[in-house]
Amino acid sequence: MRDLLIATTNQGKLREFAELLPREGYRVRAGSDVLSPVPVIVEDGVTFADNARKKAQAIARETMCLTLADDSGLEVDALGGAPGVYSARFAGEGANDAANRTELISRLRALGTEQLRFSARFRCALCLFDPLASDDRRILEVDGVCEGSVVLDERGAGGFGYDALFVPNGHDKTFGELSSEVKHALSHRGRALSLIVASLAARAGTP
Ligand code: IMP
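Residues numbered from 1 in each chain as written. Predicted model: local features only at pLDDT ≥ 70, side-chain atom pairs only at ≥ 80, totals over all residues. Heavy atoms only, no water.

1. Observations regarding the pairing of strand 3 (residues 66-76)
Reasoning step 1: When you tally the buried positions in strand 3, you get eleven out of eleven residues, the bulk of the element.
Reasoning step 2: Side chains Leu66, Leu68, Asp70, Ser72, Leu74 and Val76 of strand 3 all project onto a buried face; the interleaved residues Thr67, Ala69, Asp71, Gly73 and Glu75 project onto the opposite face, where all are buried too.
Reasoning step 3: Note: strand 1 (residues 2-6) against strand 3, three bridges, orientation parallel. By the bridge assignment for strand 3, Leu5 is matched with Thr67.
Reasoning step 4: The pairing of strand 3 with strand 4 (residues 117-129) spans ten bridges and is antiparallel. Bridging across to strand 4, Gly73 finds its partner in Arg123. (Buried < 20%, exposed > 50% of the residue type's maximum accessible area, 1.4 Å probe, protein only. Helix = DSSP H or I, 4+ residues; strand = E, 2+ residues; numbered from the N terminus. Pairing = 2+ DSSP bridges.)

2. A word on helix 1 (residues 11-20)
Residues lying three or four places apart along an α-helix face the same way, a consequence of the helix completing one turn every 3.6 residues.
Reasoning step 1: Among all positions of helix 1, only Gly12, Lys13, Leu14, Glu16 and Phe17 are buried.
Reasoning step 2: With a side-chain oxygen lying 2.9 Å from the backbone nitrogen of Gly12, the N-terminal cap of helix 1 falls on Asn10. (Polar contact = N/O pair within 3.5 Å; in protein donor to acceptor, adjacent residues only side chain to side chain.)

3. Description of the environment of Val40
Reasoning step 1: Checked against the element boundaries, Val40 lands in the loop between helix 2 (31-34) and helix 3 (48-63).
Reasoning step 2: Once the C-alpha coordinates of Val40 and Lys55 are considered, the two residues, 15 residues apart in sequence, prove to be 9.2 Å apart.

4. Quick notes on the site of the ligand
Reasoning step 1: Lys13, Glu43, Asp163, Lys183 and Arg189 are the nearest of the 18 residues found near the ligand.
Reasoning step 2: Within the side chain of Lys183, an N or O atom sits 2.7 Å from an oxygen atom of the ligand.
Reasoning step 3: The contact in question runs from a nitrogen atom of the ligand to an N or O atom on the side chain of Arg189, over 2.9 Å.
Reasoning step 4: Across the complex, the protein chains shield 95% of the 490 Å² of accessible surface that the ligand would expose by itself.
Reasoning step 5: Mapping the ligand onto the cavity grids shows that it belongs to the largest pocket.
Reasoning step 6: Mapped onto the shell around the ligand, the elements with two or more residues apiece are strand 3 and helix 6 (188-204).
Reasoning step 7: The leading source of residues in the shell around the ligand is strand 3, at four residues.
Reasoning step 8: A breakdown of the residues in the shell around the ligand according to their chemical character gives four nonpolar, six polar and eight charged. (Near = heavy atom within 4 Å. Areas by Shrake-Rupley, 256 points an atom, 1.4 Å probe, with all protein chains shown as cover. 1 Å grid on protein atoms, 1.4 Å probe; cavity = no way out; pocket = protein on both sides within 12 Å on 5 of 7 lines; lining within 4 Å. Sits in = over half its atoms within 2 Å of the grid points. Nonpolar A, V, L, I, M, F, W, Y, C, P; charged D, E, K, R; others polar.)

The structure is reproduced here in C-alpha cells:
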C-alpha cells in the first residue's frame, strides 16, 4: 500500500480529497501527517498550474512520497478574472475565507451596477508528482473548470472559501447550499480529480 500525500494545509480541500480519492492501493495522508513543520511554499506562479507543480514537486522531493497538489481559485469576469491565483489572499496576506468573501462582495458592489449576479468560474489545477517513477511518468497535470455566477449575498454554510457566493450553471443554489455529492459531481476539483483517479487506478497495479 503506497502513501498518497496531499500537499495542502487547506482543511476544505483536504476534506474534499478524503471524500473523493480511492482507498484501494493508497493510504491518503495530509502533508502534516508526514512533515513537521510543513514547509511553506511560496505561491508566486502566474498560473494555477505553475503553483500546483511547485507545491507537488517540493513536497514529493522532501518526502519521496507520491504527492498530489491543488491550486485553485475563482475568476470573476467583471473583475478581469480576479481574484484568480490570489483567491486565498484576496483580502490580504493571511486573510480567512470570510474576509475574502467580504472583499469580493465589496469590489463587486463598487462597480456600481444594478447587477445581482456576475459571471464567474472556479478553476482547479492538479499536479500528481511521483518521485519514484521514470521521467516520462513522473508528472501528471490536469485541470477542471466549473462555470457559474457569483451572487452578492452569502447563502449556505456548506463547503469552504467562496462556496456561499457561487451558483454553478444549471442550479439556483450556491455550493454552500448544495450537498457535497452535488458539488463533487459539478465542481472544478471533482472534474480534475476524476482524471487523476483514473491514473491512480492504473498505477495501483504497478510496483
Ligand atoms: P490555494 O490554496 O492558493 O489554491 O487557494 C485556493 C483558494 O481558492 C481557497 O482558499 C478558496 O478561497 C478558493 N477556492 C478554491 N477552491 C474552492 C472551492 O471548491 N470552493 C470555494 N472556494 C474555493
